[in-house]
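# Coordinate inspection notes
These are the residues of each chain, in order.
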Amino acid sequence: MADLTVLAPVGGVVHALADVDDPVFSGEIVGPGLAVQPTGTQVVAPVAGVVAKLHPHAFVLVAEGGRGVLVHLGINTVQLGGAGFVLHVAEGDVVEPGQLLVEWDPVAVEAGGRSAICPVVALEAAPDALTRLASPGAEVSAGDPLFRLA
Amino acid sequence: MSKAEQILAGLGGDANIVDLEPCITRLRVEVEDPSKVTESVLKAAGAIAVMQQGTVVQVIVGPEADTIASDIEDLR
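Residues numbered from 1 in each chain as written. Chains lettered and ligands numbered in written order. Predicted model: local features only at pLDDT ≥ 70, side-chain atom pairs only at ≥ 80, totals over all residues. Heavy atoms only, no water.

It is worth spelling out the overall build of chain A at this point. Scanning chain A from N- to C-terminus turns up two helices and 14 strands. The C-alpha radius of gyration of chain A comes to 14 Å, within 12% of the 15 Å expected for a compact globule of 150 residues. Projecting the C-alpha coordinates of chain A onto the three principal axes gives extents of approximately 40 × 30 × 25 Å. In chain A, buried positions account for 49% of the 150 residues. Residue pairs in contact within chain A that sit at least 24 positions apart in sequence constitute 69% of those at least 6 positions apart. Carbon and sulfur atoms provide 51% of the accessible area of chain A, an area that totals close to 6,000 Å². Where the 5 positive side-chain charges of chain A centre and where its 16 negative ones centre are 5 Å apart. (Helix = DSSP H or I, 4+ residues; strand = E, 2+ residues; numbered from the N terminus. Rg over C-alpha atoms; globule rule 2.2 N^0.38 Å. Buried < 20%, exposed > 50% of the residue type's maximum accessible area, 1.4 Å probe, protein only. Contact = heavy atoms within 4.5 Å. Areas by Shrake-Rupley, 256 points an atom, 1.4 Å probe, with all protein chains shown as cover. Lys, Arg positive; Asp, Glu negative; His and termini not counted. Charge placed at Lys NZ, Arg CZ, Asp CG, Glu CD.)

See below:
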């Protein structure tokens, strides 16, 4: 199976998952990854794949080989009930890397007292399967390479 | 017992659940009495981890949280 390059779904500043204020993500309980503190409003597909799960505030794409990539838009944003999120795809859609999936306003999320940081998680992957292509502290644009998955 | 039945039992049963909501990797549950939640039962049911803060219990089950939540709703 070829390595999978996972792109930044949002532009912003890269963080380690350990920086995320949520024990499930910071503890890498559902998998390793990186997070992006977003600056833009557009969320793009990090990989080619099928939209396996779609909530307004989070989605899972399943790429070649059944590898799942979870993107969570902000922390505790399930509490927003979808307000402020515009979806451009539906569950079951096949998407291309870089395709626009969701638009949202991370500034408004932060103004509401929640972190807008976006964990990007390689679901159930082994920690050593992941190679960082962007380092914590670096600025990325949506669609820039974030990590590679063996 | 199905996974949903085991998780419901681990949460102290239907009567102990005030609210249950699936997020993408977890069930967020508000319970009546946190002492009726049994972490070992939840883990035996397949929970990867259990986080408890007061009456709010997060059962980390992975991406199938939606399916498990609807199975639990069907039992209630």
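Ranked by internal contacts, the top residues of the largest apolar core, which has 36 residues, are F59(A), L61(A), L73(A), L101(A), W104(A), L146(A) and F147(A). Of all the secondary-structure elements, those providing two or more residues to this core are β1 (4–7), β3 (33–38), β5 (49–55), β6 (58–62), β7 (68–72), β10 (100–103), β11 (118–122) and β14 (145–149) of chain A. Excluding anything up to four places from it in sequence, W104(A) contacts V10(A), P38(A), G40(A), T41(A), V43(A), L73(A), G74(A), G84(A), F85(A), V109(A), A116(A) and C118(A). Membership of the second largest hydrophobic core comes to 21 residues, among which are I7(B), V29(B), V37(B) and I72(B). (Core = buried A, V, L, I, M, F, W, Y, C linked by side-chain atoms within 4.5 Å.)

What follows concerns unusual backbone geometry. Residue and element names in this part refer to chain A. The phi dihedral of E28 falls on the positive side, at around 55°, and the residue is not glycine. Residue placement: E28 occurs in the loop between α1 (23–26) and β3. The residue E124 is not glycine, and still its phi comes out positive at about 60°. Mapped onto the fold, E124 is located in the loop between β11 and β12 (130–132).

All of the buried residues in helix α3 (residues 65–75) of chain B are A65(B), D66(B), I68(B), A69(B) and I72(B). Projection of α3(B) onto a plane perpendicular to its axis shows the buried side chains occupying an angular sector of 165°, all on one side. Its buried side turned inward, α3(B) meets β5 of chain A together with α1 (3–10), β1 (17–22) and β2 (26–31) of chain B. (Arc of directions from axis to C-beta.)

The residues that UniProt annotates with the feature "domain: PTS EIIB type-1" (unreviewed entry) are residues 1–76 of chain B. For residues 1–76 of chain B, the end-to-end C-alpha separation is 15 Å, with 33% helix and 29% strand making up the annotated structure. (UniProt positions renumbered as here; feature names shortened; annotations may be inferred.)

Note: strands within a sheet are paired through backbone hydrogen bonds, in either parallel or antiparallel orientation. All names here are of chain A. Spatially, β4-β10-β8 is the arrangement adopted by the three strands of the open sheet, whose pairing is antiparallel. The sheet is open, and its two edges are formed by β4 (42–44) and β8 (86–87), each paired on a single side. Taken together, the three bridges between β4 and β10 define a ladder with antiparallel strand orientation. Directly across from Q42, in β10, lies its bridge partner E103. (Pairing = 2+ DSSP bridges.)

Further remarks concern the UniProt feature "active site" (unreviewed entry) in chain B. Within this structure's numbering, the places UniProt gives as "active site" (unreviewed entry) are C23(B). Tracing the backbone shows C23(B) in the loop between β1 and β2.

Okay, the UniProt feature "domain: PTS EIIA type-1" (unreviewed entry) in chain A next. Sequence positions flagged by UniProt for "domain: PTS EIIA type-1" (unreviewed entry) are, in local numbering, residues 22–124 of chain A. As annotated, residues 22–124 of chain A comprises 10% helix and 38% strand, and the C-alpha atoms at either end are separated by 17 Å.

This part is about the side chain of R67(A). All names here are of chain A. Mapped onto the elements, R67 comes out in the loop between β6 and β7. Although R67 is buried, it forms no salt bridge, and the closest oppositely charged side chain is E64 at an N-O distance of 4.1 Å. Separated by 2.9 Å, the side chain of R67 and the backbone oxygen of A2 make a polar contact. A distance of 3.2 Å separates a polar side-chain atom of R67 from the backbone oxygen of E64. Every residue in contact with R67, bar those within four places of it in the chain, is listed here: M1, A2, D3, L4, L61, V62, L149 and A150. (Salt bridge = Lys/Arg side-chain N within 4 Å of Asp/Glu carboxyl O. Polar contact = N/O pair within 3.5 Å; in protein donor to acceptor, adjacent residues only side chain to side chain.)

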